[in-house]
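Remarks on the overall topology
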Amino acid sequence: MADFSLKPTLVGDLVEVRPARASDAQVLHALMSDPEVSRLTGSVHSDDEAADETWTVEQLEAVYQRWSTATDRIAWVIVERETGQVVGEVVLSDLDQGNRSCGFRIWISGATERGLGTETTRLAVGHAFDGQGLNRVELEVYDFNPRARHVYEKVGFVHEGTRRGALRYNGYWVDAHIMSILTSEWRSA
Ligand SMILES: CC(C)(COP(=O)(O)OP(=O)(O)OC[C@H]1O[C@@H](n2cnc3c(N)ncnc32)[C@H](O)[C@@H]1OP(=O)(O)O)[C@@H](O)C(=O)NCCC(=O)NCCS
């Protein structure tokens, strides 16, 4: 049986992915103020909103405190090994024990385009399959995020379908694409 209360640190060549804790809230709060992260993760509905703060540090502390013992998700901070800096977050969420599946999401701020996202995705997905014995990992990515789609495809995620007009952004409707990867695909990659 999968057990997301176990939250190991995963180590790659470029990143160390370690369980998020309440004391990470301050640095994550600063990184989350990046409007690009707010926009690309669908956390806001306009550039104006993206420029505003959506969470306080105290609210984030409470969230990460709760998640540090959650049994249905593993939230990690992404640490760039070269600098020792926290650069983002990656999460396996919504563990479904019966169907041995979970969700995936990731964001990086200020350290994109140097391979960290690809390696982090591989580490987290590898943990879902090799560490936890899951069968399926699913994610959602907006149509205006070709970089993320490219990374997910590189790791082995397959496009399954589209939630048309799922996000309203700056008055426009944006499609959300559902992608997934199965353990058989991960093993044969
Ligand atoms: C998406 C994200 C996790 C990817 O991580 P990253 O560290 O930037 O990605 P990497 O450096 O590992 O790889 C980027 C790849 O995208 C490619 N790429 C860059 N811009 C692209 C574009 N506009 N279209 C297609 N591919 C693009 C790069 O060439 C590279 O591919 P390659 O290694 O095959 O050359 C990161 O950019 C991020 O968090 N962005 C902000 C928030 C976000 O988008 N989160 C995901 C929400 S679904």
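The rules behind the values
Throughout this document, residue positions are counted from 1 along each chain, in the order its sequence is written. A pLDDT threshold of at least 70 governs which residues receive local features in this predicted model, and a stricter bar of 80 or more applies before side-chain atom pairs are shown or counted, although totals over entire chains, interfaces and linings include all residues. Only heavy atoms go into the side-chain values, all of them from the structure, while hydrogens and water stay out. The nonpolar core is taken to be a set of buried Ala, Val, Leu, Ile, Met, Phe, Trp, Tyr and Cys residues, with the residues joined through side-chain atoms within 4.5 Å. For each residue, the accessible area found with a 1.4 Å probe, counting protein chains only, is set against the maximum for its type, and the residue is called buried under 20%, exposed over 50%, and partly exposed in between. A run of H or I in DSSP counts as a helix once it spans at least four residues, and a run of E counts as a strand once it spans at least two, with each numbered from the N terminus. Residue contacts are defined here by distance: any two heavy atoms, one from each residue, within 4.5 Å place the two residues in contact. For Phe, Tyr and Trp, where Trp contributes only its six-membered ring, two rings pair if their centres lie within 6.5 Å, and the inter-plane angle classes them as stacked under 30 degrees, edge-to-face over 60, or tilted in between. Our definition puts a charge over a ring when NZ of Lys or CZ of Arg is within 6 Å of the ring centre and also within 35 degrees of the ring normal. Polar contact is defined as a pair of N or O atoms within 3.5 Å, subject to the rule that within protein one atom must be able to donate a hydrogen and the other to accept it, and that residues adjacent in sequence are counted only when both atoms are side-chain atoms.

**Let's talk about the nonpolar core**
One finds Phe104, Tyr152 and Phe157 to be the most contacted residues of the largest nonpolar core, which totals 34 residues. Where this core is concerned, the elements lending two or more residues are β2 (15-19), β3 (74-80), β4 (86-96), β5 (101-108), α5 (116-131), β6 (136-142), α6 (146-155) and β8 (172-182). In terms of residue count, the dominant contributor to this core is α5 (five residues). Once residues lying within four places of it in the same chain are set aside, the contact partners of Tyr152 are Phe104, Ile106, Thr121, Leu139, Val141, Phe157 and Met179.

**Concerning the packing of aromatic side chains**
The tally for this structure, following the rule as stated, stands at seven aromatic pairs. Ring centres of Tyr64 and Trp67 lie 5.5 Å apart, and the angle between their planes is 80 degrees; this geometry places the pair in the edge-to-face category. One end of the pair, Tyr64, and the other, Trp67, are both in helix α4 (residues 57-67), three residues apart, so they sit about a helical turn from each other. This pair shows no difference in class: Tyr64 is buried, exactly as Trp67 is. Ring plane angle 40 degrees and centroid distance 6.1 Å describe the contact between Phe104 and Phe157, whose orientation is recorded as tilted. Separated by 53 residues along the polypeptide, Phe104 in strand β5 and Phe157 in the loop between α6 and β7 (158-169) bring together distant segments of the chain. With respect to burial, Phe104 and Phe157 carry one shared label: buried. Connected via pairs of aromatic rings, a cluster forms that spans Phe104, Tyr152 and Phe157. Sitting over the face of the ring of Phe144, Arg39 holds its NZ or CZ atom 5.0 Å from the ring centroid. One residue, Arg73, lies across the ring of Trp67, its end atom 4.4 Å from the ring centre.

**Thoughts on unusual backbone geometry**
At Asp94, a residue that is not glycine, the phi angle is positive and equals roughly 50 degrees. With respect to the helices and strands, Asp94 occurs in strand β4. Positive phi outside glycine occurs at Glu113, with the angle close to 65 degrees. Looking at where Glu113 falls in the secondary structure, it is placed in the loop between β5 and α5.

**Observations concerning the side chain of Glu89**
For Glu89, the position within the fold is in strand β4. A distance of 2.4 Å separates the side chain of Glu89 from the side chain of Tyr64, its partner in a polar contact. In terms of polar contacts, Glu89 uses its side chain to reach the side chain of Trp107, at 2.9 Å. Setting aside its immediate chain neighbours within four residues, Glu89 contacts Tyr64, Trp67, Trp76, Val77, Ile78, Arg105, Ile106 and Trp107.

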